[in-house]
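Notes for the structure review
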Amino acid sequence: VEADIRMLQTSAKEVQGEILLVTERQLLIFDELKNIPLVSEYEQMELMEMAMSGNRDYLEKFYSDLQGHRFAIIIAEEQKFTLQKQGAFIEENNAWVRFIGTPILCAYKPVETLSSTNIQIFIPRENNADCKDPFLK
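Here's what I pulled together on the structure shown here. (Residues numbered from 1 in each chain as written. Predicted model: local features only at pLDDT ≥ 70, side-chain atom pairs only at ≥ 80, totals over all residues. Heavy atoms only, no water.)

Here we come to the environment of Leu 83. Examined against the element boundaries, Leu 83 turns out to sit in the loop between strand E2 (71-77) and helix H5 (90-107). Taking C-alpha positions, Leu 83 is 7.6 Å from Arg 98, a pair spaced 15 residues apart along the chain. The contacts of Leu 83, once residues within four sequence positions are left out, are Asn 93, Asn 94, Val 97 and Arg 98. (Helix = DSSP H or I, 4+ residues; strand = E, 2+ residues; numbered from the N terminus. Contact = heavy atoms within 4.5 Å.)

Pasting the structure below:
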């Protein structure tokens, strides 16, 4: 875990620009990551609420920030393009994939996966992937 925190800190120091912590914000609170300003919008629970409610205004601002590569890096759990076919919390999972995960992966690519968790570091793609509008069925 300490090595992973060092990797996050090193990655954060090496970039110019904003860093979005979708998850792992507790590392800022407990001063495990230093000198990283908190981007208050786009926290995991808020993103989930907006995905579940289909809050178009909020999500379109998020998509604009992603497509414009507002963030130098994003720190979040592993994202995926595929919807869950069965199991617990299928509606929540599929809302996340459709409205959050896929848009992140369309504009950013994972470059590092932390060994102690499924947390990844994402950087902007040189060319955004050709992804469909999440609001279209």
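Within the structure shown, the criterion is met by 7 salt bridges. Of the charged contacts in the structure, one is a salt bridge between Arg 70 and Glu 18, with a shortest N-O distance of 2.7 Å. One end of the pair, Arg 70, is in the loop between helix H4 (56-67) and E2; the other, Glu 18, is in strand E1 (residues 18-21), with 52 residues separating them in the sequence. Note on Glu 18: relative accessible area 32%, which makes it partly exposed. The partner of Arg 56 in a salt bridge is Asp 133, with the nearest N and O atoms 3.9 Å apart. Of this pair, Arg 56 sits in helix H4 while Asp 133 sits in the segment after strand E4 (119-124); the two residues are 77 residues apart in sequence, bridging distant segments of the chain. (Salt bridge = Lys/Arg side-chain N within 4 Å of Asp/Glu carboxyl O. Buried < 20%, exposed > 50% of the residue type's maximum accessible area, 1.4 Å probe, protein only.)

Attention now goes to the packing of aromatic side chains. Here the structure, examined in full by the defined rule, presents 6 aromatic pairs. Centroid distance Phe 99 to Phe 135: 5.3 Å. Interplanar angle 55°. Geometry classified as tilted. With a gap of 36 residues between them, Phe 99 in helix H5 and Phe 135 in the segment after E4 connect regions that are remote in the sequence. The exposure class assigned to Phe 99 is buried, which follows from its relative accessible area of 7%. Members of the aromatic cluster, connected to one another through ring pairs, are Tyr 42, Tyr 58, Phe 62, Tyr 63, Phe 71, Phe 99 and Phe 135. A cation over a ring is seen here: Arg 56 above Phe 135, with NZ or CZ 4.2 Å from the ring centre. (Phe/Tyr/Trp six-rings, centres within 6.5 Å; stacked < 30°, edge-to-face > 60°. Lys NZ or Arg CZ within 6 Å of the ring centre and 35° of its normal.)

For the rest of this paragraph, the subject is the nonpolar core. Of all hydrophobic cores here, the largest spans 26 residues; its most connected members are Leu 47, Leu 59, Phe 62, Ile 74, Ile 100 and Tyr 108. Of all the secondary structure elements, the ones that give two or more residues to this core are helix H3 (44-53), H4, E2 and H5. With 7 residues, the top contributor of residues to this core is H5. With residues near it in sequence (within four places) discarded, Ile 74 still touches Leu 20, Val 22, Leu 66, Tyr 108, Gln 120, Ile 121 and Phe 122. Counting 14 residues, the second largest nonpolar core, distinct from the first, contains Leu 21, Leu 27, Leu 114 and Ile 119. (Core = buried A, V, L, I, M, F, W, Y, C linked by side-chain atoms within 4.5 Å.)

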